[in-house]
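# A closer look at the structure
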Amino acid sequence: MPRGKRRHTIDMRPSEEDQQSTKRQRNSYQSSRRFSKSEDAFNQKRCLTWFREYTTPDDPDTLGPEGMEKFCEDIGVEPENVAMLVLAYKMGAKQMGFFTQSEWLKGLTDLQCDTASKVQCKLEYLRSMLNDPNSFKIIYRYAYDFARDKDQRSMDIETAKAMLQLLLGKHWPLYAQFAQFLEQSKYKVINKDQWCNILEFSRTISNDLTNYDVDGAWPVMLDEFVEWLRQLRAQTTIS
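In this report, the structure presented in the accompanying data block is examined. No experiment lies behind these values; they were computed from the predicted model shown.

### Focus: the packing of aromatic side chains
For the coordinates displayed, the defined rule picks out 25 aromatic pairs. Centre to centre, the rings of Tyr89 and Tyr142 are 5.6 Å apart; their planes meet at 70°, and the pair counts as edge-to-face. Of the two residues, Tyr89 is situated in helix H4 (residues 82-91) and Tyr142 in helix H7 (residues 133-147); the sequence distance between them amounts to 53 residues. Judged by relative accessible area, Tyr89 falls into the partly exposed class, the value being 26%. Seen in terms of ring centroids, Trp172 and Phe178 are 5.4 Å apart; in terms of plane orientation they differ by 45°. Their pairing is tilted. Take Phe178: its relative accessible area is 0%, and that puts it in the buried class. Three or more aromatic residues joined by ring pairs form one cluster here, namely Trp172, Phe178, Phe181, Phe201, Tyr212, Trp218, Phe225 and Trp228. Taking NZ or CZ as reference, Lys122 lies 5.8 Å from the ring centre of Tyr125, over its face.

So, in structure tokens, the structure goes:
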């Protein structure tokens, strides 16, 4: 019988060139993933290098007002934004307008942030800390020592009004009246006892003041505020 024609079979195995190409792609992908993870992971050296962008050769371990302005610009918030106060609290910053190197590393290590974009991603979290009553109280009390002039035991009235606006302005219905009361009052400073009691007052006293006990242990400042507001409301009713 005649010999049959030889069938040609197709070799489905990848060529050596294809194998090498696939291997290169796999190695490139794995390297890319490792690089991406490395970029995402917090790096203290990178965090410190970033800190140096905001300091001067004369004082490389302290971020001052000019550096603070640039830092706020880089993370996209105003210096007066409440998130900056919470960030300062996370750092344990001692003086408004300044971050020391140790404070910077403490706060940003805790937040795992070593770039401006990472801090931006944490801004909403920082603001949300104020939604918890206990955290709010701690940060509110921290704000007093943070914002006051370290040469004075009390906080000057202008700084106090700015901080009260920042912390209570949107949450305390009587804040506008209290700010008006401070404007026309004799008070030039607020001490820590008054500061803490203002928060307690805002949380416990109703807007109509009916549950305010004049014989309670409230500071004289708040007694005077209640009397002033009642008189103001009485005048408004008469007119």
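### Section: the layout of surface pockets
Taken as a whole, the largest pocket holds about 340 Å³ of empty space. Lining the largest pocket are 16 residues, with Pro79, Glu80, Met84, Met96 and Phe146 sitting closest to its centre. Those elements that place two or more of their residues in the lining of the largest pocket are helix H3 (65-75), H4 and helix H8 (157-168). Per element, the largest residue contribution to the lining of the largest pocket is four residues, and it comes from H8. Tallied by class, residues from the lining of the largest pocket come to twelve nonpolar, three polar and one charged. In this structure, the lining of the largest pocket is formed jointly by two domains, domain 1 (42-129) and domain 2 (133-238), each of which donates at least three residues. Volume-wise, the second largest pocket comes out at about 260 Å³. Looking at the second largest pocket, the residues that line it are Val82, Arg127, Leu130, Asn131, Phe136, Gln165, Leu166, Leu167, Lys170 and His171.

### So, H7
Because an α-helix packs 3.6 residues into every turn, residues spaced three or four apart end up facing the same way. Its 15 residues place the ends of H7 21 Å apart at the C-alpha level, agreeing with the 21 Å of an ideal helix rising 1.5 Å per residue. All of the buried residues along H7 are Phe136, Ile139, Tyr140, Tyr142, Ala143, Tyr144, Phe146 and Ala147. Packing partners of the buried residues in H7 comprise H4, strand S3 (155-156), H8, strand S4 (189-190) and helix H10 (192-204).

### Overview of unusual backbone geometry
In this structure, Gln112 is a non-glycine residue whose phi angle is positive, near 60°. For Gln112, the location among the structural elements is in the loop between helix H5 (101-111) and helix H6 (116-128). Of note, the phi angle at Leu209 is positive, near 65°, even though the residue is not glycine. By secondary structure assignment, the location of Leu209 is in the loop between H10 and helix H11 (220-238). Relative accessible area serves as the criterion here: at 0%, Leu209 is assigned to the buried category.

Each value, and the rule that gives it
Residues numbered from 1 in each chain as written. Predicted model: local features only at pLDDT ≥ 70, side-chain atom pairs only at ≥ 80, totals over all residues. Heavy atoms only, no water. Phe/Tyr/Trp six-rings, centres within 6.5 Å; stacked < 30°, edge-to-face > 60°. Helix = DSSP H or I, 4+ residues; strand = E, 2+ residues; numbered from the N terminus. Buried < 20%, exposed > 50% of the residue type's maximum accessible area, 1.4 Å probe, protein only. Lys NZ or Arg CZ within 6 Å of the ring centre and 35° of its normal. 1 Å grid on protein atoms, 1.4 Å probe; cavity = no way out; pocket = protein on both sides within 12 Å on 5 of 7 lines; lining within 4 Å. Points joined across faces, edges and corners; volume = space filled by probe spheres on them. Nonpolar A, V, L, I, M, F, W, Y, C, P; charged D, E, K, R; others polar. Domains from an automatic or database assignment. Expected span 1.5 Å × (residues − 1). Contact = heavy atoms within 4.5 Å.

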